[in-house]
There are 2 protein chains.
Amino acid sequence: MLTKIPKEAYTERIARIQEHLQKNAISGLLVTNTYNIFYTTGLFHFPNERPVVLFVPASGESILFVPVMELAEAKHATIFQDIRDYFEYPGVVHPIDWMISSIKHTYPNLVQVSIDGGSRELFLRVKELIAPTSLSVNTLIHELRLTKDPYEVELLRSAGYYSDYIVKRGTEVATPGMSELEMLQTISGDTLNKMIEDLGEVVYVPGGPAGGLVPSGLRTAMPHALPSAKRMEKGETLILSCGANVGGYRAECERTCFIGDVSAEQAKVLEVMATAQQMAIEAMRPGNKCSDIDAIALDYIRKAGYGQYLLHRTGHGKGLEEHEAPWIEVGDHTILRPGMVLSSEPGIYIEEFSGFRHSDTIIVTDDEPLVVTQFPKTLDQLIIKA
Amino acid sequence: MLTKIPKEAYTERIARIQEHLQKNAISGLLVTNTYNIFYTTGLFHFPNERPVVLFVPASGESILFVPVMELAEAKHATIFQDIRDYFEYPGVVHPIDWMISSIKHTYPNLVQVSIDGGSRELFLRVKELIAPTSLSVNTLIHELRLTKDPYEVELLRSAGYYSDYIVKRGTEVATPGMSELEMLQTISGDTLNKMIEDLGEVVYVPGGPAGGLVPSGLRTAMPHALPSAKRMEKGETLILSCGANVGGYRAECERTCFIGDVSAEQAKVLEVMATAQQMAIEAMRPGNKCSDIDAIALDYIRKAGYGQYLLHRTGHGKGLEEHEAPWIEVGDHTILRPGMVLSSEPGIYIEEFSGFRHSDTIIVTDDEPLVVTQFPKTLDQLIIKA
């Protein structure tokens, strides 16, 4: 089973960037964003004050800059021959100053340089150092990340599998009296153990390789209810809002369940949400517009009389980040293309009663939408014996 | 026991900001950084694409802008009367555009506005929208955060207590054959349960309320070895690199331990590291310079013959962020003041042998350095029975 993007894919990614740079007469691209670094190098690092930067020249060899602390991992994990390290942050010479001077030394004839975004402070610092060469912002890597290649799709399918697994464990262990924190520890621990056993290695992205939110009762009416000491009770709603990460790629599976029993009112609202969620999934096809898909799901909920209980859009893109473009929202008119990966997760939140939200992870294909999360959604399978 | 900053402290913080704005003829400050928002409002939110912004005018009432999803929590957790919500990101009107227009409507006579940093994109967007009013970057809140008030000190002491607790649990449960992942799950779970029991509530900051890294054997020679399936063995080094967060404030306690037995060579290097670590702690007094403290610890290690095994600085500031200014590093000449909070954690990393690092969290006071982490460091207490 594929556990990470193979090294040859990074060679290909760098080649695509270089092709773009040549076509646009840009001398080189500075990659500074943590997820863009992961996308171009395979090196994951927790974003902090110590900069990791990749310089891709229009032609010639790329240079990867890392703190010495990351040097061994950078040599082991990446394809780059030219890895240069600095000791620490902030340094007598700031790491960014050293990097730019180091780049100019190797590539003295830069005409125009691009950077992939970042803080205003970083931009101004680089602009001053790189002068008289001009500096521009370039969103190429963010654009490349919008559609996933076959390796990325395979990792996302695997992440979908473990997202299903953690939800399944939730339905198995849930019992009246169990706290949300106990629940989360148990199911994320079990899933992590299974991932280690199956895959041999996991990537410790922020949030961990497997986890989620598991609110029960009235707390389900808060979309982002963080794990608490609240104990679940019979008859309550339990939202298992879970996800897993394989090789850096994140999927999510969320299911609205019921402890022991479900009331007619709970079942009714569930049905409205679930229908809207399925309508959005069905619409996740090439050529469709994000804003239209959002309208399909949310308008269905509005027409069913629950418009006042909407607290968020229908969904968002997924990949290296838990939330990334495109957005299944009224203001995003992106037209879907094969390889885009989306969540479908409209929610209905009725204060002092209950919240209702399923989420699946969907890959847009030339054919049917590929739903990588498969945990059942029929009402009887969502009722947890208690 | 104090579990979070009391509401009156936020009134005081806003008053200090307003005083600064008046003194500097700035009409208002836009607070956009996640930790600065927490510092000024008490509202914690996971940083993502949905902006949360506080506008503090030089005089008059502050306005807190949140996505509707955070509205209930914002009303509950903050002192602000004027909380305005938007539906979603990106929106037909971008949330930032709507906020600036909303601010201009309430405060039509702005002369100069400041912002607390952020991306270049955000700065340019605000600059254009706020025109003809000028926009500048203002680091006041980062400066206020450098020294901690008595409430913050109390929370940090409590965070130190739980940091000790998680290390103690590590020494109690460690046994040959246990994997790093099992270890981490057990001790972070136990500590979280204790925190919930003692404190009633926890803040789910990124990284969780209690956790850390627990490498054993050769993996201890990597400063940031993420939890793995590696099983610990008798005679190996085990680094319990742990931390806890109370009310948003983070402490860390790290101890280099030995499973069952310690070799003469392990004991010798431990002694060098531990002496350097203690020398840095002793030097954490008002008037001393960060770079000098770094030199005290690292030069001691160099003189003992281990300079080639240094991979990082002596320490860093702590508070709302795990790493924050000031830096106990050669390039940071900040002079310590009472209320600054620092880690002391010089490390020695010998590849194919072992790593050695203790860390404590220290508060600079007018008197002796206040070490909020107290887990023992004598050799016999670091040997885990096995």
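Rules and cut-offs
- Residues numbered from 1 in each chain as written.
- Chains lettered and ligands numbered in written order.
- Predicted model: local features only at pLDDT ≥ 70, side-chain atom pairs only at ≥ 80, totals over all residues.
- Heavy atoms only, no water.
- Helix = DSSP H or I, 4+ residues; strand = E, 2+ residues; numbered from the N terminus.
- Rg over C-alpha atoms; globule rule 2.2 N^0.38 Å.
- Buried < 20%, exposed > 50% of the residue type's maximum accessible area, 1.4 Å probe, protein only.
- Contact = heavy atoms within 4.5 Å.
- Areas by Shrake-Rupley, 256 points an atom, 1.4 Å probe, with all protein chains shown as cover.
- Lys, Arg positive; Asp, Glu negative; His and termini not counted.
- Charge placed at Lys NZ, Arg CZ, Asp CG, Glu CD.
- Pairing = 2+ DSSP bridges.
- Axes fitted to C-alpha atoms, helices over the stretch in contact; angles between N-to-C directions.
- Least-squares fit on C-alpha atoms with pLDDT ≥ 70 in both.
- UniProt positions renumbered as here; feature names shortened; annotations may be inferred.
- Domains from an automatic or database assignment.
- Buried area = accessible area lost by both parts, 1.4 Å probe.
- Salt bridge = Lys/Arg side-chain N within 4 Å of Asp/Glu carboxyl O.
- Polar contact = N/O pair within 3.5 Å; in protein donor to acceptor, adjacent residues only side chain to side chain.
- Nonpolar A, V, L, I, M, F, W, Y, C, P; charged D, E, K, R; others polar.
- Left-handed = near helix turned anticlockwise from the far one by under 90°.

Looking up chain A in an unreviewed UniProt entry gives the name Xaa-Pro aminopeptidase, with the organism given as Brevibacillus reuszeri.

What exactly am I supposed to notice about the overall build of chain A here?
When its secondary structure is counted, chain A shows eleven helices and 17 strands. Since a compact globule built from 386 residues should have a radius of gyration of about 21 Å, the 23 Å found for chain A is in line with a globular shape. Viewed in the frame of its principal axes, chain A has a C-alpha envelope of about 70 × 40 × 35 Å. A total of 386 residues make up chain A; the buried ones form 61% of that total. Considering only residue pairs separated by 6 or more positions, chain A has 66% of its internal contacts joining residues 24 or more positions apart. For chain A, the computed accessible surface area is about 14,800 Å², with 52% contributed by carbon and sulfur atoms. In chain A, which carries 35 positive and 50 negative side-chain charges, the distance between the mean positions of the two groups comes to 1 Å.

How do you make sense of the sheet that holds strand β4 (residues 83-86) of chain B when you look at a structure like this?
Sheets are built from strands paired through backbone hydrogen bonds, the pairs being either parallel or antiparallel. All names here are of chain B. The strand order across the open sheet formed by six strands is β4-β3-β2-β1-β5-β6, and the pairing between neighbours is mixed. In this open sheet, the two edge strands, each paired with only one partner strand, are β4 and β6 (134-137). Pairs of neighbouring strands in the sheet enclose a mean axial angle of 20 degrees, with direction left out of account. The pairing of strand β1 (residues 28-31) with strand β5 (residues 112-115) spans three bridges and is classified as parallel. In the strand pairing of β5, glycine 28 is matched with valine 113. Against the sheet, helix α5 (residues 120-130) engages β1, β5 and β6, with an angle of about 150 degrees to β6.

Can you walk me through the relation of the copies chain B and chain A in this structure?
Each of the two copies of the chain can be brought onto the other by a rotation about an axis and a shift along it. Between the two copies, chain B and chain A, the superposition gives an RMSD of 0.0 Å; the rotation angle is 180 degrees and the shift along the axis is 0.0 Å. What we have between these two chains is a two-fold relation. The fraction of interface residues of chain B whose copies in chain A are also interface residues reaches 100%, indicating that both copies meet through the same surface.

For this particular structure, what's the right way to read the UniProt feature "domain: Creatinase N-terminal" (unreviewed entry) in chain A?
When the UniProt feature table is mapped onto this chain, "domain: Creatinase N-terminal" (unreviewed entry) is found at residues 13-145 of chain A. Secondary structure within residues 13-145 of chain A divides into 41% helix and 20% strand; the distance between the first and last C-alpha atoms comes to 10 Å.

I'm lost on the domain arrangement of chain A in this one. Help?
Reports of interface size often rely on the accessible area that becomes lost once the parts have come together. Residues and elements named next belong to chain A. Under the domain assignment used here, chain A contains domain 1 (7-145) and domain 2 (147-384). The distance between the C-alpha centroids of domain 1 and domain 2 comes to 35 Å. At the interface, eleven residues of domain 1 touch 16 residues of domain 2. Of the roughly 1,100 Å² buried at the junction of domain 1 and domain 2 (both faces included), carbon and sulfur atoms supply 54%.

Is there a simple way to think about the pattern of salt bridges in this case?
Close approach of charged atoms lets side chains of opposite charge pair. Residues and elements named next belong to chain A. Per the stated rule, a full pass over the model turns up 54 salt bridges over all chains. With its nearest N and O atoms 3.6 Å apart, the salt bridge here joins glutamate 152 to arginine 13. Of this pair, glutamate 152 sits in helix α7 (residues 150-173) while arginine 13 sits in helix α1 (residues 7-23), and the two are 139 residues apart along the sequence. Taken as a pair, glutamate 152 and arginine 13 share a single burial class, namely buried.

Honestly, the interface of chain B and chain A in this entry has me stumped. Any pointers?
Between chain B and chain A, the residue contacts involve 41 residues of the former and 41 residues of the latter. Counting the surface lost from both chain B and chain A, the interface buries some 3,800 Å², and carbon and sulfur atoms represent 66% of this. On the chain B side of the interface with chain A, the three residues burying the most area are Met69, Arg120 and Tyr204 of chain B, jointly 16% of the side's total. The tally of links between chain B and chain A comes to four salt bridges. The closest approach of N and O atoms between arginine 313 of chain B and glutamate 49 of chain A, which form a salt bridge, is 2.5 Å. If you look at where chain B meets chain A, you find twelve residue pairs in polar contact (both at pLDDT 80 or more). Elements represented by at least two residues in the side of chain B that touches chain A include exactly α5 and α8 (180-199) of chain B. Considered class by class, the residues forming the side of chain B that touches chain A number 22 nonpolar, eleven polar and eight charged.

Can you help me understand the packing of helix α4 (residues 95-106) of chain A against helix α5 (residues 120-130) of chain A in this one?
Any two packed helices are characterised by the angle at which their axes cross and by the distance between the axes. Residue and element names in this part refer to chain A. Running from amino to carboxyl end, α4 crosses α5 at an angle of 35 degrees, the nearest separation of the two axes being 10 Å. Like other packed secondary-structure pairs, α4 and α5 cross with a definite hand, here right-handed. Contact with α4, carried on its side by Ile96, Asp97, Ile100 and Lys104, involves Leu122, Arg125, Val126, Leu129 and Ile130 of α5 and no other residues of that element. Of the residues contributing to the contact of α4 with α5, the split by class is six nonpolar, no polar and three charged.

Can you help me understand the side chain of histidine 323 of chain B in this one?
With respect to the element layout, histidine 323 of chain B can be found in the loop between β10 (315-317) and β11 (324-328). A polar side-chain atom of histidine 323 of chain B sits 2.9 Å from a polar atom in the side chain of glutamate 49 of chain A. Aside from chain neighbours lying at most four places away, what touches histidine 323 of chain B is Asn48, Glu49 and Arg50 of chain A together with Arg313, His316 and Gly317 of chain B.

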